[in-house]
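# Structural features, examined
The residues making up each chain are set out below.
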Amino acid sequence: MTTVRASAAAAGVLAAATVLAVGHLIAAFIDPAASPFYVLGATMVDHTPHALKDAAIRRFGSNDKAALFVSMAVVMLLGGAATGLLERRRHLGSALLIALGAVTTLAALQRPTATALFAVPISAGIVAGLLTLRLLIPAPRTNDPASQLSRRRFLIVAGSVTVFAAAAAAGTGQWLGARLRDVAADRARFVLPRPQSPAAPIPPQAQPAVESLTPFLTSEDDFYRVDTALQLPALTRADWRLRIHGMVDRTVEFDFDRLDSYPTVERILTLACVSNEVGGPLAGTARWLGYRLPDLLAQAGPHPDADMLLSRSIDGFTAGTPLSAVLDGRDALLAIGMNGTPLPIAHGYPARLLVPGLYGYVSATKWVVDLEITRFDRTRAYWTDRGWSAHAPVKTASRIDTPAPFATLPAGPVTIAGVAWAPHRGIDTVEIQIDDTPWQQATLATEYSPDTWRLWTYRWPATPGTHTLRVRATDRTGHRQTDHRTPPFPDGATGRHQRVVTVE
């Protein structure tokens, strides 16, 4: 009996693999986003509880999507095994497969970029999965040896599923690979225009000479990436268009040729993710090149009663930015370059938004193709529709970079160093506390601008024992970090970063 159950579970796993393989293969010819695997992944992202989402980002950072795919594979493996076991009982496995297919099809048709053809890959996959189940488990509740899963039949079906899976992976990989190669080639050919308003030079004093301290400028490879895209959108400059519409005097559309008539500006700006925990790494500073967003919006003529800029990515993601923050004189950009090169594909090539002082989920849409001038009382964006705050100014934050947590240090002079940020307000002071002693002012590196973070150092005469190091920052408005800890949801974490070290 154990062998029969194991065979049935294996048959269910093969049937589930067939659904995914066939669906993935057909989606390669329609739209890779219609693949059952990606539909289920995107649906999971959309409905993941806030606490679980933040925990995944905290644990895996920019590798959160890889972790999601591994988790999905495990769940699908278990689900397939359950389907095979149920199939032995009056074909209940087939009924379950059909039900799951219907739910997945409905989810596919609700994706932001979906068309009616999104139902085809899943439907075809379910049909193939049902045939696989019936072939491997032809007659439930029978002791007829001829009806049981034979080794030969299992190997034949397993081989067929492997071929389908390989073809699906090859087909999708070829389609996506060709598109990404096209985009990579397009990016390689793109010569960024010279900034007509270049960024001011970075003073050497902005970067203290301390080992393990955060660099003032963050490289593209080290810059955090948190978004909802399970596969990178592939968009060339020739295909890119930016439409501005809604509560405007006229609808306008930009392509790269039209952008050439506008002045280019280069700015160094700090971005931060709302999912960043106290002391977390989800913040970075880069040199951005682009066009002033107010200049582009002015061509459409926003209505005076509008208060939201709803930006949309090519993959359907939306962000709602307070229009006042775009038009109040800060360096709100349509960015096309990062650290002297065209935007990396993973960071929004060929164009993205940047609005200093606001968390990325309301201001930093990657692969942006649509801007709607509207109102907050008329529409909600992707994350605000899920309970996150509609107005999301970056909270004043500070972090200890060195010494490392639980480090063992020699007695004597020790340099404590880190970074603090309050974009668009600027950092006024940073203070350090050792255990419960009075707070002491740290030495601030030279400020580049209020829109960038500020590095700091503190020289500590370390004495033997176990010590707790704490940091707090005060911004230019006089707001000082609170010691009250709150999670990132719904408008950013609060609290003071601390580390415990041992001095010998």
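- Within an unreviewed UniProt entry, the label attached to the protein chain reads Molybdopterin-dependent oxidoreductase, and the organism entered is Nocardia huaxiensis.

## Quick notes on the overall build of the protein chain
- The helix and strand tally for the protein chain stands at 10 helices and 19 strands.
- If one aligns the C-alpha atoms of the protein chain with their principal axes, the spans along those axes are about 85 × 65 × 45 Å.
- When each of the 504 residues of the protein chain is scored for burial, the buried share is 52%.
- Considering only residue pairs separated by 6 or more positions, the protein chain has 74% of its internal contacts joining residues 24 or more positions apart.
- Across the protein chain, 48 positive and 42 negative side-chain charges occur, with their mean positions spaced 8 Å apart.

## Some remarks on the pairing of strand β4 (residues 283–292)
- For β4, the tally of buried residues reaches 8 of 10 residues, placing the bulk of the element in the interior.
- Taken together, the 9 bridges between strand β3 (residues 264–272) and β4 define a ladder with antiparallel strand orientation. Note on β4: the bridge partner recorded for V265 is G290.
- Summarising the sheet, β4 and strand β7 (residues 333–338) pair through 5 bridges and their orientation is antiparallel. Across the sheet, residue Y291 finds its bridge partner in β7, namely L334.

## Describing the UniProt feature "domain: Oxidoreductase molybdopterin-binding" (unreviewed entry) in the protein chain
- Those places that UniProt annotates as "domain: Oxidoreductase molybdopterin-binding" (unreviewed entry) correspond, in this numbering, to residues 231–379.
- Secondary structure across residues 231–379 divides into 10% helix and 38% strand, with the first and last C-alpha atoms of the span separated by 27 Å.

## Digging into the packing of helix α5 (residues 92–109) against helix α6 (residues 119–136)
- Two elements in contact, α5 and α6, have axes separated by 9 Å at closest approach and are oriented at 170°. Regarding the angle of α5 to α6, the classification is roughly antiparallel. Facing α5, whose interface residues are G93, S94, L97, I98, G101, T104, T105, A108 and L109, α6 presents A119, I122, S123, I126, G129, L130, L133 and R134.
- Counted by class, the contact of α5 with α6 contains 9 nonpolar, 7 polar and 1 charged residues.

## Focus on a nonpolar patch on the surface
- A cluster of nonpolar side chains, F29, I30, L117 and V120, forms an exposed patch at the surface whose accessible area comes to about 390 Å².
- In this structure, I30 sits in helix α1 (residues 2–30).

## So, the environment of E504
- Mapped onto the fold, E504 is located in the segment after β19 (498–503).
- Under the relative-accessibility criterion, E504 is labelled exposed at 64%.
- Considering only alpha carbons, one finds E504 and T463, 41 residues apart in sequence, at a separation of 7.7 Å.
- Among all residues touching E504, those that are not within four sequence positions of it are T408, L409, P410 and A411.

## Notes on the sheet that holds strand β12 (residues 408–409)
- Spatially, the 5 strands line up as an open sheet ordered β12-β19-β18-β14-β15, and their pairing is mixed. The sheet terminates laterally at β12 and β15 (440–441), the two strands that pair on one side only.
- Looking at chain direction, strand β14 (residues 427–434) and β15 are connected through 2 bridges and run antiparallel. For E431, the partnering residue across the bridge sits in β15 and is Q441.

## So, the sheet that holds strand β5 (residues 308–313)
- Read across the open sheet, the 5 strands follow the order β2-β1-β10-β5-β6; overall the sheet is mixed. Looking at the sheet topology across the chains shown, the edges are occupied by β2 (252–254) and β6 (318–322). Each adjacent strand pair in this sheet contributes to an overall mean axis angle of 20°, direction not counted.
- For β5 and β6, the ladder comprises 5 bridges, and the chain directions are antiparallel.

## Considering the packing of aromatic side chains
- Considering all chains together, one arrives at 13 aromatic pairs under this definition.
- Ring geometry for F37 versus Y38: centroids 6.4 Å apart, planes at 75°, classification edge-to-face.
- Linked through ring pairs, F317, Y361, Y382, W383, W388 and F489 together constitute an aromatic cluster.
- Against the face of F254 rests R258, its NZ or CZ located 4.6 Å from the ring centre.

## Some details on the nonpolar core
- One finds W240, W288, L293, L296, L297, L334 and L371 to be the most contacted residues of the largest nonpolar core, which totals 86 residues.
- The contacts of L334, once residues within four sequence positions are left out, are W240, L242, L259, L289, G290, Y291, L293, L296, A351, R352, L353 and V368.
- Core analysis: the second largest hydrophobic core is formed by 21 residues, I400, W456, L469 and V503 among them.

## A look at the layout of surface pockets
- Its volume calculated, the largest pocket comes out at about 750 Å³.
- In this structure, the largest pocket is lined by 37 residues; those nearest its centre are K53, I57, D64, V226 and D227.
- Elements represented by at least two residues in the lining of the largest pocket include exactly α2 (36–47), α3 (50–60) and α4 (64–87).
- Of the residues contributing to the lining of the largest pocket, the split by class is 21 nonpolar, 8 polar and 8 charged.
- Counting contributing residues per domain, the lining of the largest pocket is built from domain 1 (1–138 + 147–184) and domain 2 (204–386), each supplying no fewer than three.

## Structural notes on the packing of α4 against α5
- As a packed pair, α4 and α5 sit with axes 6 Å apart at the nearest point and diverge in direction by 140°. As far as their axial angle goes, α5 and α4 are oblique. Together, T83, L86 and E87 of α4 and L92, G93, S94, L96 and L97 of α5 make up the contact between the two elements.
- Looking at the contact of α4 with α5, its residues break down into 4 nonpolar, 3 polar and 1 charged.

## Things to note about the pairing of strand β18 (residues 465–475)
- The buried fraction of β18 amounts to 9 of the 11 residues, a majority that puts the element mostly inside the structure.
- Both β14 and β18 contribute to a ladder of 7 bridges, which runs antiparallel. The residue bridging T429 from the neighbouring strand is T474, located in β18.

## Focus: α4
- Look at α4: 34 Å from first C-alpha to last across 24 residues, which is about the 34 Å you get at 1.5 Å a residue.
- Among all positions of α4, only D64, K65, A67, L68, M72, M76, G80, A81, T83, G84 and E87 are buried.

## Quick look at the environment of R258
- Mapping R258 onto the fold places it in helix α8 (residues 256–259).
- Residues R258 and L282, 24 residues apart in the sequence, show an inter-C-alpha distance of 34 Å.
- Leave out the neighbours within four places in its chain, and R258 touches V252, E253 and Q299.
- Of the polar contacts made by the side chain of R258, one reaches the backbone oxygen of E253; its length is 2.9 Å.

Here is what the cut-offs are and how they apply
The numbers attached to residues start from 1 for each chain and follow its sequence in the written order. Reporting in this predicted model follows two pLDDT cut-offs: at least 70 for local features of residues, and 80 or more for side-chain atom pairs to be given and counted; totals over whole chains, interfaces and linings ignore these cut-offs and use all residues. Hydrogens and waters are ignored; side-chain quantities use all the structure's heavy atoms. Secondary structure follows DSSP: runs of H or I at least 4 residues long count as helices, runs of E at least 2 residues long count as strands, and numbering of each begins at the N terminus. Relative accessibility under 20% of the residue-type maximum defines a buried residue, over 50% an exposed one, and the middle range a partly exposed one, all with a 1.4 Å probe and only protein chains included. Any pair of residues with heavy atoms lying within 4.5 Å of one another is described as a contacting pair. Two residue types count as positive, namely Lys and Arg, and two as negative, namely Asp and Glu; His and chain ends fall outside the count. Throughout, a charge is located at the NZ atom of Lys, the CZ atom of Arg, the CG atom of Asp or the CD atom of Glu. Strand pairing requires that DSSP identify at least two bridges connecting the strands. UniProt positions are given in the numbering used here, feature names are shortened, and annotations may be inferred rather than shown by experiment. The convention used is that axes are lines fitted to C-alpha atoms, helices contributing only their stretch in contact, and that angles between N-to-C directions extend from 0 to 180 degrees. Working rule for angles: under 35 degrees goes down as roughly parallel, over 145 as roughly antiparallel, 65 to 115 as roughly perpendicular, anything else as oblique. Asp, Glu, Lys and Arg are counted as charged, while Ala, Val, Leu, Ile, Met, Phe, Trp, Tyr, Cys and Pro are counted as nonpolar; the rest, among them Gly, fall into the polar class. Residues enter patches when their relative accessible area tops 30% and they take part in no salt bridge; the joining distance is 9 Å for like charges and 5 Å for the nonpolar side chains Val, Leu, Ile, Met, Phe, Trp and Tyr. Note on areas: Shrake-Rupley, 1.4 Å probe, and residue coverage restricted to the protein chains presented here. Salt bridge, as used here: a side-chain nitrogen of Lys or Arg that lies within 4 Å of a carboxyl oxygen of Asp or Glu. A pair of Phe, Tyr and Trp rings is counted when the ring centres sit within 6.5 Å of each other, with Trp represented by its six-membered ring. The angle between the planes then sorts it: under 30 degrees is stacked, over 60 is edge-to-face, the rest tilted. Our definition puts a charge over a ring when NZ of Lys or CZ of Arg is within 6 Å of the ring centre and also within 35 degrees of the ring normal. As used in this record, nonpolar core signifies buried Ala, Val, Leu, Ile, Met, Phe, Trp, Tyr and Cys residues forming a set joined through side-chain atoms within 4.5 Å. Of the two site types, the cavity is a set of points on a 1 Å grid over the protein atoms alone where a 1.4 Å probe fits but cannot get out, and the pocket is an open set with protein on both sides within 12 Å along at least five of seven lines, each lined by residues with an atom within 4 Å of a point. Grid points are joined across faces, edges and corners, and a volume is the space filled by probe spheres set on the points. These domain boundaries are the output of an automatic or database domain assignment. A helix is expected to span 1.5 Å multiplied by its residue count minus one. Any pair of nitrogen or oxygen atoms within 3.5 Å is treated as a polar contact; in protein, a donor-acceptor pairing is required on top of that, and neighbouring residues in sequence qualify only through side-chain atoms on both sides.

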